[in-house]
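Descriptive structure summary
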Amino acid sequence: MIFFLFLLGLAVGSFLNVLIDRFPRNESPFKGKSYCESCKKKLLWYDMIPVVSFLFLKGKCRYCRSPLSLYYPVVELTTGVMFVVTTFFVLNNFQSNLNFQLSQFVTLFYYLFIVSSLIVVFFVDLKYGIILDKIVYPGIFISLLYLLLNTSYLLQHLIAATGAFLFFLVLFLVTRGRGMGFGDVKLVFLLGLFLGLSKTIFAFYFAFLTGAVLGCILILWGKKRLRGDTMPFGPFLVAGAILAAFVGESLLGLPWWSFLL
Ligand SMILES: [Zn+2]
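Residues numbered from 1 in each chain as written. Predicted model: local features only at pLDDT ≥ 70, side-chain atom pairs only at ≥ 80, totals over all residues.

Summing up its helical and strand segments, the protein chain has ten helices and zero strands in all. Listing each helix as α and each strand as β along the protein chain from the N terminus yields α-α-α-α-α-α-α-α-α-α. Within the protein chain, the fraction of its 261 residues that count as buried is 34%. Considering only intrachain contacts with a sequence separation of at least 6, the fraction spanning at least 24 residues in the protein chain is 72%. (Helix = DSSP H or I, 4+ residues; strand = E, 2+ residues; numbered from the N terminus. Buried ≥ 20, exposed ≤ 12 C-beta atoms within 10 Å, placed from the backbone. Contact = placed C-beta atoms within 7 Å.)

On to helix α4 (residues 104–128). Here α4 contains 25 residues, and its C-alpha end-to-end distance of 36 Å stays within 8% of the 36 Å for a straight helix at 1.5 Å per residue. Positive phi appears at G129, one or two residues downstream of α4, with a value of about 70°. (Expected span 1.5 Å × (residues − 1).)

Residues at a pLDDT of 70 or more form 89% of the protein chain, whose mean pLDDT is 87. Here helix α10 (residues 255–258) is the element of the protein chain with the lowest mean pLDDT, 50, and helix α7 (residues 182–195) is the one with the highest, 96. (pLDDT = per-residue confidence, 0-100.)

Moving on, we come to the packing of α7 against helix α8 (residues 197–220). One can describe the packing of α7 onto α8 by two numbers: an axis separation of 7 Å at closest approach and a directional angle of 135°. Between α7 and α8, the angle falls in the class oblique. Taken as a pair, α7 and α8 cross one another with a handedness that is right-handed. The residues of α8 that touch α7, namely those facing L191, G192 and L195, are K199, T200 and A203. The residue inventory of the contact of α7 with α8, partitioned by class, reads three nonpolar, two polar and one charged. (Axes fitted to C-alpha atoms, helices over the stretch in contact; angles between N-to-C directions. Parallel < 35°, antiparallel > 145°, perpendicular 65-115°, else oblique. Left-handed = near helix turned anticlockwise from the far one by under 90°. Nonpolar A, V, L, I, M, F, W, Y, C, P; charged D, E, K, R; others polar.)

Right, let's get into the packing of helix α5 (residues 133–149) against α7. Relative orientation of the contacting elements α5 and α7 amounts to 25°, with a least axis distance of 9 Å. It follows from the interaxial angle that α5 and α7 lie roughly parallel. Note on packing geometry: the crossing formed by α5 with α7 is left-handed. Touching V136, G139, I140, S143, L144 and L147 of α5 are K186, L187, F189, L190, L193 and F194, all from α7. In terms of residue class, the contact of α5 with α7 is made up of nine nonpolar, two polar and one charged.

Right, let's get into the nonpolar core. Ranked by internal contacts, the top residues of the largest apolar core, which has 57 residues, are L191, A203, L237 and A241. Counting only elements with at least two residues in this core, the list comes to α1 (2–22), α3 (71–93), α4, α5, α6 (154–174), α7, α8 and α9 (234–251). Element by element, the count of residues in this core is highest for α4, at twelve residues. Two domains each put at least three residues into this core: domain 1 (1–78) and domain 2 (94–261). (Core = buried A, V, L, I, M, F, W, Y, C linked by C-beta atoms within 7 Å. Domains from an automatic or database assignment.)

We note that N26 has phi near 60°; this positive angle belongs to a residue other than glycine. Assessed through the 7 C-beta atoms surrounding it within 10 Å, N26 is described here as exposed. With a phi angle near 50°, K58 is a residue other than glycine that sits in the positive phi range. As for its placement among the helices and strands, K58 is situated in the loop between α2 (52–56) and α3.

Its 14 residues place the ends of α7 20 Å apart at the C-alpha level, agreeing with the 20 Å of an ideal helix rising 1.5 Å per residue. Within α7, twelve of the 14 residues are buried, which leaves the element mostly enclosed by the surrounding structure. Residues G183, D184, V185, L187, V188, F189, L190, L191, G192, L193, F194 and L195 constitute the buried set of α7. Looking at the buried positions of α7, the neighbouring elements they touch are α4, α5, α6, α8 and α9. G196 sits one or two positions beyond α7 and adopts a positive phi of about 80°.

Right under this line is the structure:
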């Protein structure tokens, strides 16, 4: 079971790599074959086996020997691990809940969809410094659909999404877009819909804390200057959201938080 989920995650991760490569360039992920970034030669099917091909080719193109992006195996392995984690989380947390109206399968599909979307957001923002509407909008649509099917969470998650959106809109306007992009504002609406109130607050807390700490380290290390250089904030939000979704409940198990749950 674990092995099968991991393999499924690797395969989906391989598809996410195609999205990460092509969406920022406005290319269709379904048209045209995968090709080498530097020599443009088409890849053979056995050069596209997740992780295995990368190791076999020692991270270099078969034809021109130019190094392949380390993103490919990292995205595939991340997706593989997250598929295992997500499935076990959903199976453990959504069975005994009496408020829960939907089958586990629908919830599992929803969680895997959102987690996969967030993996794309994470790596595209890291690589290109943009958050793609093509990923965020479908995520919002699927989340609204899921909440409409499972109305016991609808109101609380809508409040979280609206609150998160307004909070980041204010930050965006105050910093005049230099602190973060409008993509972040749209992303937090999705995160609010996915996480609900208390977990969204947890995710933001984590994102601002780690973002600030890492920002300071990079400045002290001389990698970033204080002005001008911006750091993409999306990866921090995604990391916070993933953490909040899967361990937030146990970390938030304090009395004064519990009324929000
Ligand atoms: Zn090549």
